[in-house]
Amino acid sequence: MIDLRSDTVTLPTEAMRKAIYEAELGDDVYGHDPTVNRLQELAADLLGKEEAMLVPSGTMGNQIAILTHTSPGTEVILEADSHIYYYEAAAASVFAGIQPRPLPGKRGSLSADLVEWAIREDDIHLPPTSLICLENTHNRAGGTVVPLEDMQAVYQVALKHNLPVHLDGARIFNAAVASGVPVKDYAACTTSVQFCLSKGLGAPVGSIIAGTHQFIEEARRWRKRLGGGMRQAGIIAAAGIVALETMVERLAEDHANARLLAEGLAKIKGIEFNPEDVDTNIVIVKPTTMSIRQLGEELEKRGILTVAIEPDRIRFTTNKEVNRADIETTLQQVKDLLG
Ligand code: TLP
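It should be emphasised that the depicted structure is a prediction, and the values quoted were computed from it without experimental measurement.

1. Observations concerning the sheet that holds strand 10 (residues 282-287)
Then comes step 1: An order of 9-10-13-12 is seen for the four strands of this open sheet, with the pairing classed as antiparallel. Every other strand in the sheet has two partners, leaving strand 9 (271-272) and strand 12 (307-310) as the edge strands with one partner each.
Then comes step 2: As defined by bridge partners, strand 9 adjoins strand 10 across two bridges and the pair is classed as antiparallel. Residue pairing in the sheet places I271 in a bridge with P287 of strand 10.
Then comes step 3: Most of the contacts of helix 12 (residues 251-266) go to strand 10, to which it runs at about 15°, and overall it touches strand 9, strand 10 and strand 13 (313-317).
Then comes step 4: Running over the sheet, helix 13 (residues 292-301) touches strand 10, strand 12 and strand 13 and is turned about 35° from strand 13.

2. Here's the deal with unusual backbone geometry
Then comes step 1: Omega for the bond connecting N136 with T137 falls within 30 degrees of zero, at -5°, which places this linkage in the cis form.
Then comes step 2: Looking at the element boundaries, T137 is found in the loop between strand 5 (129-135) and helix 7 (148-160).
Then comes step 3: The phi torsion at A89 lies on the positive side, around 50°, for a residue other than glycine.
Then comes step 4: Within the secondary structure, A89 is located in the loop between helix 4 (83-86) and helix 5 (91-96).
Then comes step 5: Non-glycine residue A90 carries a positive phi angle of around 60°.
Then comes step 6: Along the chain, A90 turns up in the loop between helix 4 and helix 5.
Then comes step 7: Residue class for A90 comes out partly exposed when judged on its relative accessible area of 44%.

3. Re the pairing of strand 12
Then comes step 1: In this sheet, strand 13 lies alongside strand 12 in antiparallel orientation, the contact comprising three bridges. The partner of E310 across the bridge, within strand 13, is R313.

4. Some details on the site of the ligand
Then comes step 1: Taken together, 16 residues form the shell around the ligand, and within it S6, G58, T59, H83 and D168 come nearest.
Then comes step 2: A distance of 2.6 Å separates an oxygen atom of the ligand from a polar side-chain atom of T59.
Then comes step 3: At a separation of 2.9 Å, an oxygen atom of the ligand approaches a polar side-chain atom of N139.
Then comes step 4: Calculation on the ligand without its partners gives an accessible area of 510 Å², and the protein chains cover 82% of this total.

5. Section: helix 13
Then comes step 1: All of the buried residues in helix 13 are I292, L295, G296, E298 and L299. Down the axis of helix 13, the sector holding all buried residues measures 165°, keeping them to one side. Exposed residues on helix 13 whose side chains face more than 90 degrees from its buried face are R293 and K301.
Then comes step 2: Where the residues of helix 13 are buried, they touch strand 10, strand 11 (304-305), strand 12, strand 13 and helix 14 (324-338).

6. Brief notes about the pattern of salt bridges
Opposite charge on two side chains permits them to pair, given that their charged atoms come into close proximity.
Then comes step 1: Within the structure shown, the criterion is met by 22 salt bridges.
Then comes step 2: Between R120 and E75 there is a salt bridge; the shortest N-O distance is 2.7 Å. You can see R120 sitting in the loop between helix 6 (112-118) and strand 5 and its partner E75 sitting in strand 3 (residues 75-79), a full 45 residues away along the chain.
Then comes step 3: Residue class for R120 comes out partly exposed when judged on its relative accessible area of 26%.
Then comes step 4: According to the relative accessible area criterion, E75 is buried, its value standing at 1%.
Then comes step 5: Residue R259 is joined to E263 by a salt bridge in which the shortest nitrogen-to-oxygen separation is 2.9 Å. Residue R259 and its partner E263 are located together in helix 12, separated by four residues, close to a single helical turn.

7. Description of the nonpolar core
Then comes step 1: The biggest cluster of nonpolar side chains holds 59 residues, and the ones touching the most others in it are L54, V115, I132, F173, Y186 and F195.
Then comes step 2: The contact partners of F173, leaving out residues within four places of it in the chain, are L46, V183, F195, L201, L244, V248 and L251.
Then comes step 3: Listed in part, the 25 residues of the second largest apolar core include I2, L261, I268 and I292.

8. Here's the deal with helix 8 (residues 172-179)
Then comes step 1: Buried within helix 8 are the following residues: I172, F173, N174, A175 and A176.
Then comes step 2: Looking at the buried side of helix 8, the elements it contacts are helix 2 (34-47), strand 6 (165-168), helix 9 (183-187), strand 7 (192-196), helix 11 (234-246) and helix 12.

9. Focus: the sheet that holds strand 8 (residues 207-211)
Then comes step 1: Taken together, seven strands build an open sheet; the order of strands is 2-8-7-6-5-3-4 and the sheet is mixed. Among the strands making up the open sheet, the edge pair consists of strand 2 (51-55) and strand 4 (99-103). With direction set aside, neighbouring strand axes in the sheet form an average angle of 20°.
Then comes step 2: Pairing between strand 3 and strand 4: five bridges, direction parallel. The residue bridging E75 from the neighbouring strand is Q99, located in strand 4.

Reading the values: the criteria
Sequence order sets the numbering: in each chain, residues are counted from 1 along the sequence as written. Given that this is a predicted model, residues contribute local features only at a pLDDT of at least 70 and side-chain atom pairs are listed and counted only at 80 or more, while totals for whole chains, interfaces and linings are drawn from all residues. Where side-chain values are given, they derive from all heavy atoms of the structure, hydrogens and water being excluded. A pair of strands counts as paired when DSSP detects no fewer than two bridges linking them. By the criteria applied, helices consist of DSSP H or I runs no shorter than four residues and strands consist of E runs no shorter than two, each listed in order from the N terminus. Any two residues whose heavy atoms approach within 4.5 Å at even a single point are treated as in contact. Between the N-to-C directions of two axes lies an angle of 0 to 180 degrees, each axis being a line fitted to C-alpha atoms and, for a helix, fitted only over the stretch in contact. We call a residue buried when its accessible area falls under 20% of the maximum for its residue type, exposed when it is over 50%, and partly exposed in between, using a 1.4 Å probe and counting protein chains only. We call a residue near a molecule or strand as soon as one heavy atom of that residue lies within 4 Å of the molecule or strand. Definition of a polar contact: a pair of N or O atoms within 3.5 Å, with one able to donate and the other able to accept a hydrogen when the atoms are protein atoms, and with sequence-neighbouring residues admitted only if both atoms are side-chain atoms. For the accessible areas, the method is Shrake-Rupley and the probe is 1.4 Å, while residue cover comes only from the protein chains on display. Working note: the arc is built from the helix axis to C-beta atom directions. Whenever Lys or Arg places a side-chain nitrogen within 4 Å of a carboxyl oxygen from Asp or Glu, that contact is recorded as a salt bridge. In these notes, a set of buried Ala, Val, Leu, Ile, Met, Phe, Trp, Tyr and Cys residues joined through side-chain atoms within 4.5 Å is what counts as a nonpolar core.

Everything listed is a geometric property; what it means functionally is a separate question.
Here is the structure:
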């Protein structure tokens, strides 16, 4: 199978499996797992944050950040197509009791002016704004890199209004590799960051959240409440360390494969799509001569897995399990079906 459903389908490398086998372990709920501690220090250092914490998933990381920054009855500003709003099963409403305030973005980026406009005045009719969430790269916008200047502008607004900014940086290393902007610079315009070890970086499980010492102290309590306190979690962290130390630059290969796919797809008649929209490893297109459902099924019969992300849009996500030849095969199959 050529699995282009997501970069979450990536399997641990040999080096990861070896590191897992050899990991020095302890009980992380006591803070006594040396491998977890090593990963957390490495992650905090990469992000330029005081402290970092391992969590089981990106979703839990985002939700812990929301729970830590907000209180029930407040409002969270986020992009209308963001993962937190779209794909986390309304967790922020269920657990944090917040009201989301979705705003339209441009290629996933929120304008600082719009954010400032949406911040609530002090009025008993209105829910106080408690948090601004950003996403980089932006998944549903097509893996787009949110420009650093846009993030800086939103951060300035947040500082002015004394509000925290949480970054869903599930794929922040993709943004960094594609733009040449260090992850530290993106993280510098946030109060907290979540990133995933288990996507393009190839680790089997785990995400990191990072922020100040005080933020992580409180976040640790939320992780425990949610049942995310893990014991010999060094098993997970060991692969995470290999991911951060050896798998970041490799993301450029996924980006090159996505570009090859994008340029090939753009030449196929039955597809509406601008290849210039592709910044990283996600390619989202709209076929015009076949339904998404039928296209997905036909591709699957030919050994190619994709996901429908709208009734009329299909997503291809390049990842380390897929090589250039697989992309060429995919292009040929799509061409045969639609061309
Ligand atoms: N994204 C998954 C699905 O949930 C849609 C994917 O296949 O792309 N933030 C962003 C921007 C994400 O794309 C994802 C996962 C998450 C958070 C959640 O991470 P996990 O899956 O670890 O909970």
